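Each chain is listed here by its residues.
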Amino acid sequence: MNPSEDTTSLLDWAFLRFRTAGLLEPQITRIHFGSQIPGCGSRSGWTRQTETGIEVAICLDDDRICRHDGASPLTTPSKFCTLHELAHGWLIEHASEEIRLAFLDHAGLDSWIAAEETSWHQRGVEYAAEVVAWGLMDKGLDLIRLETPDCRQLEARFAILTGITPLVSCPADE
(Lines give C-alpha, C1' and ligand atoms only; values in the text may rest on other atoms or scores of the structure.)
Protein backbone atom coordinates (compact mmCIF):
# COMPACT_ATOMS: atom_id res chain seq x y z
CA MET A 1 0.00 0.00 0.00
CA ASN A 2 1.19 3.46 -0.84
CA PRO A 3 -0.89 5.41 1.69
CA SER A 4 -2.29 8.85 1.14
CA GLU A 5 -3.10 11.20 3.99
CA ASP A 6 -6.79 10.27 3.56
CA THR A 7 -6.22 6.51 3.67
CA THR A 8 -3.91 6.86 6.66
CA SER A 9 -6.57 8.89 8.50
CA LEU A 10 -9.21 6.28 7.68
CA LEU A 11 -7.07 3.38 8.91
CA ASP A 12 -6.06 5.26 12.07
CA TRP A 13 -9.74 5.94 12.78
CA ALA A 14 -10.79 2.31 12.11
CA PHE A 15 -8.08 0.68 14.22
CA LEU A 16 -8.83 3.15 17.03
CA ARG A 17 -12.46 1.95 17.01
CA PHE A 18 -11.29 -1.61 17.73
CA ARG A 19 -9.05 -0.38 20.57
CA THR A 20 -11.80 1.89 21.96
CA ALA A 21 -14.12 -1.11 22.13
CA GLY A 22 -11.47 -3.13 23.94
CA LEU A 23 -10.94 -5.52 21.02
CA LEU A 24 -7.56 -6.57 19.72
CA GLU A 25 -6.80 -5.01 16.36
CA PRO A 26 -7.03 -7.44 13.47
CA GLN A 27 -3.56 -8.45 12.30
CA ILE A 28 -3.71 -7.42 8.65
CA THR A 29 -0.56 -8.05 6.62
CA ARG A 30 -1.47 -5.95 3.59
CA ILE A 31 -4.09 -3.30 2.84
CA HIS A 32 -4.83 -2.03 -0.66
CA PHE A 33 -6.82 1.08 -1.53
CA GLY A 34 -8.44 2.09 -4.80
CA SER A 35 -11.13 1.06 -7.22
CA GLN A 36 -8.59 -0.42 -9.66
CA ILE A 37 -7.40 -3.16 -7.29
CA PRO A 38 -7.86 -6.62 -8.85
CA GLY A 39 -11.01 -8.23 -7.47
CA CYS A 40 -12.78 -4.95 -6.76
CA GLY A 41 -15.09 -4.59 -9.74
CA SER A 42 -18.42 -3.46 -8.29
CA ARG A 43 -17.43 -4.40 -4.72
CA SER A 44 -16.57 -1.87 -2.04
CA GLY A 45 -13.93 -4.17 -0.56
CA TRP A 46 -12.69 -7.67 0.04
CA THR A 47 -10.70 -9.65 2.60
CA ARG A 48 -8.86 -12.91 2.11
CA GLN A 49 -6.59 -15.13 4.11
CA THR A 50 -3.39 -16.02 2.29
CA GLU A 51 -0.37 -18.12 3.23
CA THR A 52 1.33 -15.00 4.56
CA GLY A 53 -1.60 -13.52 6.49
CA ILE A 54 -4.76 -11.52 6.00
CA GLU A 55 -5.04 -9.17 3.04
CA VAL A 56 -7.67 -6.44 2.69
CA ALA A 57 -8.75 -4.22 -0.18
CA ILE A 58 -10.80 -1.08 0.32
CA CYS A 59 -12.09 -0.48 -3.21
CA LEU A 60 -12.56 3.24 -2.76
CA ASP A 61 -10.55 6.08 -4.24
CA ASP A 62 -9.57 9.07 -2.10
CA ASP A 63 -12.51 11.15 -3.35
CA ARG A 64 -14.91 8.61 -1.75
CA ILE A 65 -12.95 8.35 1.52
CA CYS A 66 -12.92 11.99 2.57
CA ARG A 67 -14.92 15.12 1.97
CA HIS A 68 -12.89 18.25 1.56
CA ASP A 69 -15.73 20.68 2.12
CA GLY A 70 -15.15 21.62 5.75
CA ALA A 71 -17.54 18.93 7.06
CA SER A 72 -16.39 15.87 8.99
CA PRO A 73 -13.65 14.66 6.69
CA LEU A 74 -14.16 10.86 6.65
CA THR A 75 -17.30 9.71 4.88
CA THR A 76 -19.68 7.34 6.65
CA PRO A 77 -19.57 4.82 3.77
CA SER A 78 -15.76 4.72 3.84
CA LYS A 79 -15.71 4.24 7.61
CA PHE A 80 -18.30 1.45 7.48
CA CYS A 81 -16.62 -0.28 4.53
CA THR A 82 -13.24 -0.22 6.26
CA LEU A 83 -14.67 -1.54 9.53
CA HIS A 84 -16.52 -4.28 7.61
CA GLU A 85 -13.35 -5.49 5.88
CA LEU A 86 -11.24 -5.25 9.04
CA ALA A 87 -14.03 -7.14 10.85
CA HIS A 88 -13.54 -10.01 8.42
CA GLY A 89 -9.89 -10.13 9.48
CA TRP A 90 -10.82 -9.92 13.14
CA LEU A 91 -13.39 -12.71 12.75
CA ILE A 92 -10.83 -14.97 11.05
CA GLU A 93 -8.62 -14.58 14.12
CA HIS A 94 -11.20 -14.57 16.92
CA ALA A 95 -14.50 -16.24 15.94
CA SER A 96 -14.24 -19.86 17.05
CA GLU A 97 -16.50 -22.55 15.63
CA GLU A 98 -18.60 -22.33 18.81
CA ILE A 99 -19.03 -18.56 18.39
CA ARG A 100 -19.88 -18.90 14.70
CA LEU A 101 -22.52 -21.55 15.42
CA ALA A 102 -24.09 -19.46 18.21
CA PHE A 103 -24.17 -16.44 15.91
CA LEU A 104 -25.73 -18.40 13.04
CA ASP A 105 -28.37 -19.80 15.37
CA HIS A 106 -29.25 -16.36 16.79
CA ALA A 107 -29.38 -14.77 13.33
CA GLY A 108 -31.37 -17.66 11.81
CA LEU A 109 -28.72 -18.38 9.18
CA ASP A 110 -27.70 -21.73 7.76
CA SER A 111 -23.97 -21.43 7.06
CA TRP A 112 -20.93 -19.31 7.83
CA ILE A 113 -19.42 -19.47 4.36
CA ALA A 114 -22.14 -20.07 1.80
CA ALA A 115 -22.13 -20.76 -1.91
CA GLU A 116 -22.12 -17.82 -4.32
CA GLU A 117 -25.78 -18.38 -5.18
CA THR A 118 -26.71 -17.68 -1.54
CA SER A 119 -27.83 -14.09 -1.20
CA TRP A 120 -25.16 -11.87 0.33
CA HIS A 121 -27.11 -11.08 3.53
CA GLN A 122 -27.72 -14.81 4.15
CA ARG A 123 -23.97 -15.57 4.31
CA GLY A 124 -22.98 -15.79 7.96
CA VAL A 125 -19.51 -14.40 7.39
CA GLU A 126 -20.89 -11.29 5.64
CA TYR A 127 -23.70 -10.80 8.13
CA ALA A 128 -21.18 -11.08 11.00
CA ALA A 129 -18.81 -8.52 9.45
CA GLU A 130 -21.74 -6.12 9.05
CA VAL A 131 -22.70 -6.58 12.71
CA VAL A 132 -19.15 -6.02 13.96
CA ALA A 133 -18.78 -2.92 11.76
CA TRP A 134 -22.15 -1.63 12.99
CA GLY A 135 -21.10 -2.07 16.62
CA LEU A 136 -17.82 -0.25 16.12
CA MET A 137 -19.22 2.77 14.26
CA ASP A 138 -19.26 6.23 15.80
CA LYS A 139 -22.98 6.63 15.13
CA GLY A 140 -25.93 4.29 14.79
CA LEU A 141 -26.84 3.09 11.31
CA ASP A 142 -29.69 1.06 9.86
CA LEU A 143 -28.27 -2.08 8.29
CA ILE A 144 -30.35 -2.09 5.15
CA ARG A 145 -28.13 -4.71 3.50
CA LEU A 146 -29.22 -7.05 6.31
CA GLU A 147 -32.89 -6.20 5.82
CA THR A 148 -32.83 -3.80 8.81
CA PRO A 149 -32.72 -6.09 11.85
CA ASP A 150 -33.95 -4.80 15.20
CA CYS A 151 -31.30 -2.82 17.07
CA ARG A 152 -31.55 -5.03 20.15
CA GLN A 153 -30.93 -8.09 17.96
CA LEU A 154 -27.83 -6.40 16.57
CA GLU A 155 -26.61 -5.68 20.11
CA ALA A 156 -27.04 -9.33 21.06
CA ARG A 157 -25.35 -10.57 17.88
CA PHE A 158 -22.44 -8.18 18.38
CA ALA A 159 -22.05 -9.52 21.93
CA ILE A 160 -22.10 -13.12 20.68
CA LEU A 161 -19.30 -12.36 18.23
CA THR A 162 -17.12 -10.14 20.42
CA GLY A 163 -18.06 -10.82 24.04
CA ILE A 164 -18.65 -7.09 24.65
CA THR A 165 -21.35 -4.48 24.12
CA PRO A 166 -21.21 -2.34 20.96
CA LEU A 167 -19.89 1.20 20.93
CA VAL A 168 -23.20 2.37 19.42
CA SER A 169 -26.35 2.18 21.46
CA CYS A 170 -29.95 1.50 20.59
CA PRO A 171 -32.60 4.16 21.16
CA ALA A 172 -34.27 3.84 24.58
CA ASP A 173 -37.69 3.14 23.04
CA GLU A 174 -36.58 -0.07 21.26
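Residues numbered from 1 in each chain as written. Predicted model: local features only at pLDDT ≥ 70, side-chain atom pairs only at ≥ 80, totals over all residues. Heavy atoms only, no water.

Enquirer: Can you break down the overall build of the protein residue by residue, with the values?
Expert: Across its full length, the protein holds six helices and three strands. Counting helices and strands in the order they occur from the N terminus, the protein gives α-β-β-β-α-α-α-α-α. Buried positions account for 47% of the 174 residues belonging to the protein. Intrachain contacts of the protein at a sequence separation of at least 6 include 60% that bridge at least 24 residues. (Helix = DSSP H or I, 4+ residues; strand = E, 2+ residues; numbered from the N terminus. Buried < 20%, exposed > 50% of the residue type's maximum accessible area, 1.4 Å probe, protein only. Contact = heavy atoms within 4.5 Å.)

Enquirer: Account for the side chain of Thr-162, naming residues and giving values.
Expert: With respect to the helices, strands and loops of the structure, Thr-162 is situated in helix H6 (residues 151-162). A distance of 3.2 Å separates a polar side-chain atom of Thr-162 from the backbone nitrogen of Ile-164. Not counting the four nearest positions on each side in its chain, Thr-162 is found in contact with Leu-23, Trp-90 and Val-132. (Polar contact = N/O pair within 3.5 Å; in protein donor to acceptor, adjacent residues only side chain to side chain.)

Enquirer: I'd like a rundown of the confidence of the model for the protein, residues and numbers included.
Expert: Across the protein, pLDDT averages 86, with 82% of residues at or above 70. For the protein, the element scoring lowest by mean pLDDT is helix H2 (residues 62-65), at 68; helix H4 (residues 97-107) scores highest, at 95. (pLDDT = per-residue confidence, 0-100.)

Enquirer: Describe the state of the cysteines, and please don't skip the residues or the numbers.
Expert: Linking two cysteines covalently through their sulfur atoms gives a disulfide. All told, the structure shown has two disulfides when counted by the stated rule. Note that Cys-40 is cross-linked by a disulfide to Cys-59, the S-S spacing being 2.0 Å. Given an S-S torsion of about -75°, the disulfide between Cys-40 and Cys-59 has left-handed geometry. In this pair, Cys-40 is assigned in the loop between strand E1 (28-33) and strand E2 (45-50) and Cys-59 in the loop between strand E3 (53-58) and H2, connecting sequence segments 19 residues apart. Look at Cys-59 and you get buried, because its relative accessible area is 3%. In this model Cys-151 forms its disulfide with Cys-170; the gap between the sulfur atoms is 2.0 Å. Here the disulfide of Cys-151 and Cys-170 is left-handed, its torsion about the S-S bond being about -95°. You can see Cys-151 sitting in helix H6 and its partner Cys-170 sitting in the segment after H6, a full 19 residues away along the chain. Considered together, Cys-151 and Cys-170 belong to a single accessibility category, that of buried residues. (Disulfide = S-S within 2.5 Å.)

Enquirer: So what's going on with the packing of aromatic side chains? Which residues, and what values?
Expert: A complete count under the given rule lists two aromatic pairs for this structure. Ring geometry for Phe-103 against Tyr-127: centres 5.7 Å apart, planes inclined by 65°, an arrangement best described as edge-to-face. Of this pair, Phe-103 sits in helix H4 while Tyr-127 is found in helix H5 (residues 124-136), placing the two residues 24 residues apart along the sequence. On the accessibility criterion, Phe-103 (0% relative accessible area) is buried. With relative accessibility at 5%, the residue Tyr-127 sits in the buried group. Counting every residue linked through ring pairs, the aromatic cluster contains Phe-103, Trp-112 and Tyr-127. A cation over an aromatic ring shows up here: Arg-100 above the ring of Trp-112, its NZ or CZ 5.8 Å from the ring centre. (Phe/Tyr/Trp six-rings, centres within 6.5 Å; stacked < 30°, edge-to-face > 60°. Lys NZ or Arg CZ within 6 Å of the ring centre and 35° of its normal.)

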